[in-house]
Amino acid sequence: MNKNKPNPITRRKSRQIMVGNVPVGGDAPISVQSMTNTETCDVDATVAQVRSLERAGADIVRISVPSMDAAEAFGVIKSRVEVPLVADIHFDHKIALRVAELGVDCLRINPGNIGSEERVRSVVAAARDKGISIRIGVNAGSLEKDLQKKYGEPTAEALVESALRHIDILDRLNFHDFKLSLKASDVFLAVEAYQLIADQIEQPLHLGITEAGGLRSGTVKSAVGLGMLLRQGIGDTLRVSLAADPVEEIKVGFDILKSLKLRNKGINFIACPSCSRQNFDVIKVMNELETRTEDILTPLDVSVIGCVVNGPGEAKETTIGLTGGDPNNLVYIDGKPNHKVTNNNLVDELERLIRSKVAEKNKQQQDLITKA
């Protein structure tokens, strides 16, 4: 897509809710989430992981809170980090009430699974009183027994029926600040379920292909499933579920959104797969460059092309472009040829240019804020 061409995706209109200071739904950017995999009661380890997710650009982080001890630990963790936190709770309404007191930003709890109506009312009342949103999370692997019997197997209709049961409880209590996920490990099942529910409710949808797999296979499966939904305008927040370092979930999530021009955070690299025409080792350069610039969250388009066949065309569409050449490679700045660089200091020069341009963009942004 030409950088000046408008995005063809029209997003589904949804009610906007807040998760801490992060808006979800409406016209807010699609947020990217992950979940800690440390022992919650190990406060130092969990805080360290949350902070690493913050540095990677996570908008929201979810933490499992399976016990009252974990709830107390959650309160300490919350006081030591900046990113909004979601407490993942199953069945025990007392844990939900405790983390609400301790400043949770969102409760991941299914109303139909926490017991009597009185218990549900108490949790909803606490959420309403403290401005806490709720996430209803339906999963194909844990459908209610009567729905398993009714449908015989997990189906999109079964997932939607389960979701509507929980939604009905919140509707009766006049609580509307919730988001919904309908997750399955099967791409087609998850996609169909989200498509079915999208027109039936106004609340934001949290996307995910659950238990997607390891880093490579899970990334592919998530990109296919989430990409199908995002292209249709469905989705307000997402998590890429990987059996890998949670930081990888954030990276993949933003890469999916960047590929669809839905979010622009960090460096957007355009790089050729390399071939015998290349005038420098493209793969080596890209591996090193990506590692060196992982800390950069400012949006920037950078092209790295090994030869003159496609290099100039790509470079003209990016902020910084590199085209392989013999004896020297040509660097483009803002779409125009700027200077030549040898293979000996290629990565150093590209990193210098990237950081210089990022500093320039950040200063321009700060100047605009100051003037406003």
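Residues numbered from 1 in each chain as written. Predicted model: local features only at pLDDT ≥ 70, side-chain atom pairs only at ≥ 80, totals over all residues. Heavy atoms only, no water.

K.L.:
Where do I start with unusual backbone geometry in this structure?
P.N.:
One can expect most non-glycine residues to show negative phi and most peptide bonds to be in trans. With an omega of 10°, the peptide bond between Asp326 and Pro327 qualifies as cis. One can find Pro327 in the loop between β13 (320-323) and β14 (329-333). Backbone geometry places Asn174, a non-glycine residue, at a positive phi of 55°. (Helix = DSSP H or I, 4+ residues; strand = E, 2+ residues; numbered from the N terminus.)

K.L.:
Sorry, what's going on with the packing of helix α7 (residues 187-198) against helix α8 (residues 215-231) here?
P.N.:
For any two helices packed against each other, one specifies the crossing angle of their axes together with the interaxial distance. Where α7 meets α8, the axes come as close as 10 Å, and the angle between the chain directions of the two elements is 20°. Comparing their axes, α8 and α7 come out roughly parallel. Crossing of α7 over α8 shows right-handed handedness. Across the interface between the two elements, Val187, Val191, Tyr194 and Gln195 of α7 pack against Lys221, Val224, Gly225, Met228 and Leu229 of α8. (Axes fitted to C-alpha atoms, helices over the stretch in contact; angles between N-to-C directions. Parallel < 35°, antiparallel > 145°, perpendicular 65-115°, else oblique. Left-handed = near helix turned anticlockwise from the far one by under 90°. Contact = heavy atoms within 4.5 Å.)

K.L.:
Help me understand the nonpolar core, please; the structure alone is not making it clear to me.
P.N.:
Burial of nonpolar side chains together is a common tendency in soluble globular proteins. Grouped together as the largest cluster of nonpolar side chains are 83 residues, with contacts concentrated most on Leu107, Leu180 and Leu182. Once residues within four sequence positions are removed from consideration, Leu182 is found in contact with Val138, Leu159, Val160, Ala163, Ala190, Ala193, Tyr194, Ile197 and His206. Residues Ile267, Val282, Leu300 and Leu322 belong to the second largest nonpolar core, which totals 22 residues. (Core = buried A, V, L, I, M, F, W, Y, C linked by side-chain atoms within 4.5 Å. Buried < 20%, exposed > 50% of the residue type's maximum accessible area, 1.4 Å probe, protein only.)

K.L.:
It is not clear to me how the pattern of salt bridges should be interpreted in this structure. Could you clarify?
P.N.:
Where charged atoms from two side chains of opposite charge come close, those side chains can pair. On inspection of all chains with the given rule, the structure shows 30 salt bridges. Asp334 is the partner of Lys357 in a salt bridge, and the nearest nitrogen-oxygen pair spans 3.1 Å. In this pair, Lys357 sits in helix α12 (residues 346-371) while Asp334 sits in the loop between β14 and β15 (336-341), placing the two residues 23 residues apart along the sequence. The exposure class of Lys357 is buried, given its relative accessible area of 9%. Each of the salt bridges in this network shares a partner with another, and the network as a whole consists of Glu288, Arg292, Asp295, Asp348, Glu351 and Arg355. (Salt bridge = Lys/Arg side-chain N within 4 Å of Asp/Glu carboxyl O.)

K.L.:
Hey, could you run me through helix α2 (residues 68-79) in this one?
P.N.:
Side chains three or four residues apart in an α-helix point the same way, a direct result of the helix having 3.6 residues per turn. Helix length check: α2 (12 residues) gives 17 Å between terminal C-alpha atoms against 16 Å at 1.5 Å per residue, within 8%. Where α2 is concerned, the buried positions are Ala70, Ala71, Ala73, Phe74, Gly75, Ile77 and Lys78. Those residues of α2 hidden inside the fold are in contact with α1 (43-56), β4 (60-64), β5 (85-88) and α3 (93-101). (Expected span 1.5 Å × (residues − 1).)

K.L.:
Please clarify how the sheet that holds strand β12 (residues 300-305) should be interpreted in this entry.
P.N.:
Whenever strands of a sheet pair, they do so through backbone hydrogen bonds, lying parallel or antiparallel. Overall, mixed pairing links the five strands, which are arranged β11-β12-β13-β14-β15 in an open sheet. Looking at the sheet topology across the chains shown, the edges are occupied by β11 (267-271) and β15. Neighbour-to-neighbour, the strand axes of the sheet open up by a mean angle of 20°, direction not taken into account. Where β13 and β14 come together, four bridges link them in antiparallel fashion. For Gly321, the partnering residue across the bridge sits in β14 and is Tyr332. (Pairing = 2+ DSSP bridges.)

Scope: geometric values only; no functional claims are made or implied.
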